[in-house]
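# Close look at the chain arrangement
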Amino acid sequence: MNTRAHKVRSSVAVSGTALLLAAAGLGLAPAASAAEPQPPVLAVDTAAPAEVGLAGLPVDFTTKVSITGTTDASSARLTYRIDGGAGLPPNAVGLEYRLDGTEWKKVPLTYAGGTFSGEMPETFPLAAGRDRTVRLRIGVPMGTPHNGDGNGGTERLKLTTLVSYGASGAATDTDDDTIEVDGLGTGLSGVPATATAGGPAVGFQATVANPTASGYENVTDTLITSKYASVQVLRSGTWETLTPVTSDAEADVYGFDVIGKDASLAAHSSTVVKVRVGYREDTPAGKTTLRSCVFVNQGSVPFRGTTFCGNEAMLTVLAAGSAGGTPTPAPTAPATRTPSATPAPSASPSASTEAPSATSGTTSGTSGASSRLAETGSNGTSTIAAVAGALVLAGAGALGFAALRRRRTRA
């Protein structure tokens, strides 16, 4: 995303009457009389990132504090307020800082009604006419490693930075920024219109794309299909048969981890894998669907974690012995994949490189599955069964999938 974070500057002048800063609930310090020493006048400027990835790794940014008056500040203090709307759970936002040295330390955050707030634990002195830059990083982890939260989300964060001095907590300046929140995309392309039960496998591509400035870890891209299917992926020029992943609650639903379990995705990158699917000879004839869902921080329970799903691709299974189906040609080259190593998150909010689109085309009259990014508005969460009623196979009925839930997707 090339747009810069939206910033609202809110410098607060010191007056003789104490005012209430609604953004943080902190009082404004009253001005001293002419006979008293003038209090420090601090200014703050936060260069927040333009975007972060939902359930991704944190992204670096900076806050600069300076003295605009002639009085030194013995202890400058930074307080942060992060408003993501009512759809965010208490584990959704993380904020860290580096003041001295190389160690990242947490800014303790309290949560209430979708708003997180906290003060940087360390203060620092600042001389008149000088400034100091503090390194920070912010993320929307949506849980912890291997314990992703599948409920909630947001489209943006409003980050408010407040600077104060001493023990009074009186803020002298504030700075507001808006950070967009996006997520992973996943989809299928080139899905053939037909396949024959007991016949040759049919081939297509599965793509998972990261259009955000966050790197991602513990990513599992899963092809959702029925118990009648077998799935292979092309790795290093060889077709590898995948072991199905199943849930005790939904025994008829099979998932196949096409990029492996707990993969990494760099910021603004994508991974494309060649896939082929075959159907057993006893597969009932009729229409069936394929769907790609990507899980972040999936734990030991299948199909759980922060979840993004692409559109369905429809395919007709022909009766065994029928002429038809589109076999997969012999492989000519390994599948194209992006490096798995995740670099340090970029501190630049204006990166111009974006991930290739995961939107699929259509082949042989079938509707491909374009990737859709999961999102929720600030007015709350919409959790649904991601593929309930979708894996419909003629003669077999609708396969439920209550175990897999996700947020609503962008139209």
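In case you missed it, the structure is sitting above this.
Residues numbered from 1 in each chain as written. Predicted model: local features only at pLDDT ≥ 70, side-chain atom pairs only at ≥ 80, totals over all residues. Heavy atoms only, no water.

## Looking at the overall build of the protein
The helix and strand tally for the protein stands at 0 helices and 33 strands. When burial is assessed residue by residue, the protein has 51% of its 411 residues classed as buried. The long-range share in the protein, meaning contacts at least 24 apart out of those at least 6 apart in sequence, stands at 77%. Element-wise, carbon and sulfur atoms account for 51% of the exposed surface of the protein, whose accessible area totals about 16700 Å². (Helix = DSSP H or I, 4+ residues; strand = E, 2+ residues; numbered from the N terminus. Buried < 20%, exposed > 50% of the residue type's maximum accessible area, 1.4 Å probe, protein only. Contact = heavy atoms within 4.5 Å. Areas by Shrake-Rupley, 256 points an atom, 1.4 Å probe, with all protein chains shown as cover.)

## Details of unusual backbone geometry
Most of the time, phi is negative for any residue but glycine, and the peptide bond is trans. Positive phi, close to 65°, is recorded for His-146, a residue that is not glycine. Tracing the chain through its elements places His-146 in the loop between β14 (143-144) and β15 (147-148).

## Some points on the sheet that holds strand β23 (residues 238-241)
Taken together, 5 strands build an open sheet; the order of strands is β18-β20-β27-β22-β23 and the sheet is antiparallel. Among the strands making up the open sheet, the edge pair consists of β18 (185-189) and β23. Ignoring strand direction, the axes of neighbouring strands in this sheet form an average angle of 30°. Relative to β23, strand β22 (residues 229-235) runs antiparallel, the two being bridged by 4 bridges. By the bridge assignment, Val-233 is partnered in β23 with Glu-240. (Pairing = 2+ DSSP bridges. Axes fitted to C-alpha atoms, helices over the stretch in contact; angles between N-to-C directions.)

## Comments concerning the pairing of strand β17 (residues 171-182)
Of all 12 residues in β17, 11 are buried; the element is thus mostly enclosed. Here strand β16 (residues 156-165) runs beside β17; their pairing, made up of 9 bridges, is antiparallel. By the bridge assignment, Arg-156 is partnered in β17 with Glu-180.

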